[in-house]
Amino acid sequence: MKKAFLLLSMFVTYSIFAQQNQPEPGTYTSNSKAGQDVKLVIDENNQFHITLLTGKLEQQNDSIYLRTQYDNESLFQVEFVTSTTKPKSIKMDFGKNSYYNLYDMHLGVQKINDSSPEYKAVSEYLGIKEEAYEYIEDDEQNFSFEIEPVAFIYLVNESYNGATIEKFEVPNGVSEIKVLKRNDLFSKLNLRGKYDANTKKFTVSEGRTPIVFVKEEAKGTPVNYVRPLEALQKKMWTYPGKEERYIGVDTAVVAYDYDNQKPPYVFKLKTEKSFNESLKIAQSSPDKILVVFYDTNINASKAFEKYIQRYEIQVQSYMYDQYDPKLDRFNFYLATESDKNTLKKMGITDDETVVFINSDGTKIHHCKGSTKSYDFNYYKLSSYYKRLITINTKAQLDKIIADKKATVPQIEKALLEVVNNERIYTDWEDMPPPTVEPAAVEYEKYTVVTDSVAVADYSEELPEIKNAYQLKSSHEAIDLKYKQLLDFYLKEKNLNENILKIIVSELSYDAGFTSKLFNKYNQAAKPTDFLSMDYLFQFYNQIAALKTEDYYLENPQLVINTVSGILDRPSNDFQKEKIKEYYNKLLQASNQNPKVIRSIVNSFLQSKNKTELVSAYDNYFKSFVKPNSSLIEVLDANYELENASDWDLYKGEFSSLANEVAWFIVENSQDKSEIQKAIQWSEMSLKLKTNDPYYLDTLAQLYYKNGEKEKGILFEQKAIESAKIVDDTLIDTYETVLEKMKNGSY
């Protein structure tokens with residue numbers, strides 16, 4: 001419950017009454033259905049005071065507790081209406097009410113006293129889904145339903161601090177039960193005060209509520225409500241099949257400066273009288289979406305007006321005291337019979353359809369719905385916005401691709417929007433499978449020979465997602481525009497951060513326009529990818545020193561990580577020379593960075609190119625292992641250079657690569673010089689990770705192949721002993737190797 005200061009009585013001297021229609025002096029009591037007996041007292045001098053609560057003061061030590069008149073009253077006010085004949089059912093009448101009063105209410109029924117009560121939410125009895133409550137045509141209406149005759153009913157109200165459960169016995173012959181939930185705002189107040197005898201000040205807490213007054217004499221005979229047999233308060237209350245619901249949290253109000261508060265911002269939407277006028281307004285607001293409700297119903301205009309009012313209130317509640325454009329994302333128009341032909345051109349023929357249109361007048365989505373639907377209130381539309389903007393990037397990209405006169409800034413903006421927006425998760429059943437195989441490429445003519453189909457991806461949150469705008473441009477057409485962009489910026493002298501973001505995203509596994517639009521992953525590097533890498537090499541130093549708000553780009557290792565990632569792809573196997581060329585470019589741009597060399601070594605391992613592998617790794621090895629220098633010190637220096645994050649992991653990767661290359665020699669070489677180099681690599685790996693069974697086995701077999709048979713046998717025995725501790729599944733394999741070494745059959 002929100003805690004606010006409550007004055008138990010207010011006394012204001014204020015002559016508010018006109019000479020005519022002046023109320024008579026006396027006491028007036030509220031006649032609200034919730035039974036809050038708030039009193040308005042007017043005296044002969046036109047002075048008034050309002051008494052919100054009455055009760056008894058109870059003092060405990062220094063604190064004074066104010067026990068209100070509601071402390072001993074039941075939450076539910078129940079009346080039984082009997083019939084002269086035996087009723088076949090009982091009408092549960094909740095009177096003229098609203099969703100907010102009924103949302104947290106449940107009804108339990110019990111035919112005999114010793115049976116378990118059967119509970120259901122009142123909303124379930126009424127057949128109203130939770131999302132529909134906000135869009136009931138009237139704010140309040142009469143709610144009632146029929147139940148079978150029962151012996152007892154249980155009325156339950158849930159709140160953040162538990163459930164109130166009240167049991168009532170139903171007398172024979174009852175045909176109707178009228179239920180009124182008392183407004184318990186005041187009943188749950190924990191009123192507490194303190195009196196200062198010196199200053200004669202009495203400080204009290206909490207609350208407020210709207211009040212309706214009638215003259216006390218006209219209030220009528222008070223209703224004697226039925227008292228419950230039992231009244232319980234349970235913190236955690238449930239029953240079989242109960243749907244979990246959000247029932248609010250207790251919020252404590254902080255001190256607020258009421259004297260200097262700003263008036264709330266009044267948010268108003270301007271709706272146009274014609275479709276053309278709405279489209280003109282949309283053109284002036286490129287970041288907003290035009291929502292068109294097509295409804296030819298006779299009451300559509302009234303419903304639309306009510307929808308707009310409700311939407312304004314919802315937006316305004318978040319804007320507080322000033323306009324916030326981030327909350328004002330949609331324009332609205334009610335399309336009727338006169339707009340039929342315009343909508344038909346957009347493919348819309350069904351009545352009660354909601355159409356989403358961008359600032360160019362292009363339909364980006366449509367679905368069934370109306371102003372009364374829960375799917376289009378402020379909160380739902382806000383959740384759709386990001387999805388709609390992502391879909392709109394496709395429409396904007398199509399526009400640029402189709403425009404032969406599109407400028408470089410326009411192409412840049414369109415592609416940047418694609419990579420900056422999140423991927424719209426796909427309806428996997430309808431989309432083409434991921435493409436992994438390399439495309440056939442002719443570098444000289446710059447042509448890409450492939451069948452590219454745009455991914456039919458949709459937002460999983462949007463209703464009728466298959467109606468979302470689908471990309472019309474081919475991958476090839478987009479790639480040609482991308483080449484135009486790269487050709488332009490390769491001539492520039494300064495780094496462009498937007499182009500960098502597009503390039504890095506496109507060269508990554510799944511963040512670029514190729515993967516987002518066409519569901520292509522791990523593709524072989526294509527001509528535009530090589531041009532993109534050229535741009536990264538050209539601005540290598542500027543990129544490494546870049547300071548930007550985009551953490552994705554602020555990384556000294558960005559170029560190395562990005563380029564190595566695409567060059568390492570197995571799908572590049574058909575263009576080995578091109579890959580080697582670009583590894584050398586990366587090596588040169590990075591000033592022989594060790595991480596690049598490791599990537600080159602790994603690429604030769606994958607391609608099983610022994611000559612290149614031995615040469616590359618031997619150079620790498622010699623850069624670390626030098627006469628009269630400590631291996632650990634050299635590793636530490638490179639650890640800092642590469643901006644690595646885990647020292648143990650870094651050492652492990654270094655020793656693992658040494659073992660992997662040495663093992664390659666075991667399996668693929670009989671050359672004495674290569675074997676002797678591999679022995680050095682293997683011995684070094686064991687200095688970093690002693691007693692590793694894999695490393696011991698590698699070194700043992702290298703010794704044996706080098707003619708050092710006794711050392712080979714000794715180290716194979718060490719590998720077996722280590723395997724017994726580390727991984728006993730290796731023992732049989734190593735014992736077989738050892739046996740062959742001993743009998744000369746290795």
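Owing to the predicted nature of the structure, the values given are computational and were not obtained by experimental measurement.

Criteria and thresholds
- Residues numbered from 1 in each chain as written.
- Predicted model: local features only at pLDDT ≥ 70, side-chain atom pairs only at ≥ 80, totals over all residues.
- Heavy atoms only, no water.
- 1 Å grid on protein atoms, 1.4 Å probe; cavity = no way out; pocket = protein on both sides within 12 Å on 5 of 7 lines; lining within 4 Å.
- Points joined across faces, edges and corners; volume = space filled by probe spheres on them.
- Nonpolar A, V, L, I, M, F, W, Y, C, P; charged D, E, K, R; others polar.
- pLDDT = per-residue confidence, 0-100.
- Helix = DSSP H or I, 4+ residues; strand = E, 2+ residues; numbered from the N terminus.
- Contact = heavy atoms within 4.5 Å.
- Pairing = 2+ DSSP bridges.
- Axes fitted to C-alpha atoms, helices over the stretch in contact; angles between N-to-C directions.
- Parallel < 35°, antiparallel > 145°, perpendicular 65-115°, else oblique.
- Left-handed = near helix turned anticlockwise from the far one by under 90°.
- Phe/Tyr/Trp six-rings, centres within 6.5 Å; stacked < 30°, edge-to-face > 60°.
- Buried < 20%, exposed > 50% of the residue type's maximum accessible area, 1.4 Å probe, protein only.

1. Observations regarding empty space enclosed by the protein
Part 1 of the argument: Inspection of every chain in the model, using the stated rule, returns six cavities of 30 Å³ or more.
Part 2 of the argument: Of the residues that constitute the lining of the second largest cavity, the class distribution is four nonpolar, six polar and five charged.

2. Quick word on the confidence of the model for the protein
Part 1 of the argument: When pLDDT is averaged along the protein, the result is 81, and 78% of the positions lie at 70 or above.
Part 2 of the argument: Within the protein, strand E24 (residues 447–449) has the poorest average pLDDT of any element, 34, and helix H11 (residues 527–538) the best, 97.
Part 3 of the argument: This model gives residues 1–20 a pLDDT under 50, and the stretch forms 50 contacts once residues within four places in sequence are excluded.
Part 4 of the argument: Between residues 425–453, whose pLDDT stays under 50, and residues either more than four places distant or in other chains, the model counts 64 contacts.

3. Some words on the sheet that holds strand E10 (residues 118–121)
Part 1 of the argument: Strand order in the open sheet made by the five strands is E10-E9-E12-E13-E18, with antiparallel pairing throughout. Sheet topology places E10 and strand E18 (230–234) at the edges, where each strand pairs with a single neighbour. Strand after strand, the sheet turns through a mean of 20° between neighbouring axes, direction not considered.
Part 2 of the argument: Sheet analysis places strand E13 (residues 162–169) next to E18, joined by five bridges and oriented antiparallel. By the bridge assignment, Lys167 is partnered in E18 with Glu230.

4. A look at the packing of helix H17 (residues 631–641) against helix H18 (residues 647–668)
Part 1 of the argument: One can describe the packing of H17 onto H18 by two numbers: an axis separation of 11 Å at closest approach and a directional angle of 115°. Classified by the interaxial angle, the pair formed by H17 and H18 is roughly perpendicular. Between H17 and H18 the crossing geometry is right-handed. Residues Leu631, Ile632, Leu635, Asp636, Asn638 and Tyr639 of H17 lie in contact with H18, whose contacting residues are Trp647, Tyr650, Lys651 and Phe654.

5. Quick look at the packing of aromatic side chains
Part 1 of the argument: In this structure the tally under the stated criterion is 39 aromatic pairs.
Part 2 of the argument: Between Phe356 and Phe376 the ring centres are 6.4 Å apart and the planes differ by 45°, which places this aromatic pair in the tilted class. Of this pair, Phe356 sits in strand E21 (residues 353–357) while Phe376 sits in the loop between strand E22 (363–368) and helix H6 (378–402), placing them 20 residues apart in sequence. Residue Phe356 shares its accessibility class with Phe376, and that shared class is buried.

6. What about unusual backbone geometry?
Part 1 of the argument: Despite not being glycine, Asn519 has its phi angle at roughly 60°, a positive value.
Part 2 of the argument: Mapping Asn519 onto the fold places it in the loop between helix H10 (513–518) and H11.
Part 3 of the argument: Although it is not a glycine, Asn591 adopts a positive phi angle of roughly 60°.
Part 4 of the argument: Assignment of secondary structure puts Asn591 in the loop between helix H14 (576–589) and helix H15 (594–607).
Part 5 of the argument: Residue Asn591 is classed as exposed on the basis of its relative accessible area of 66%.

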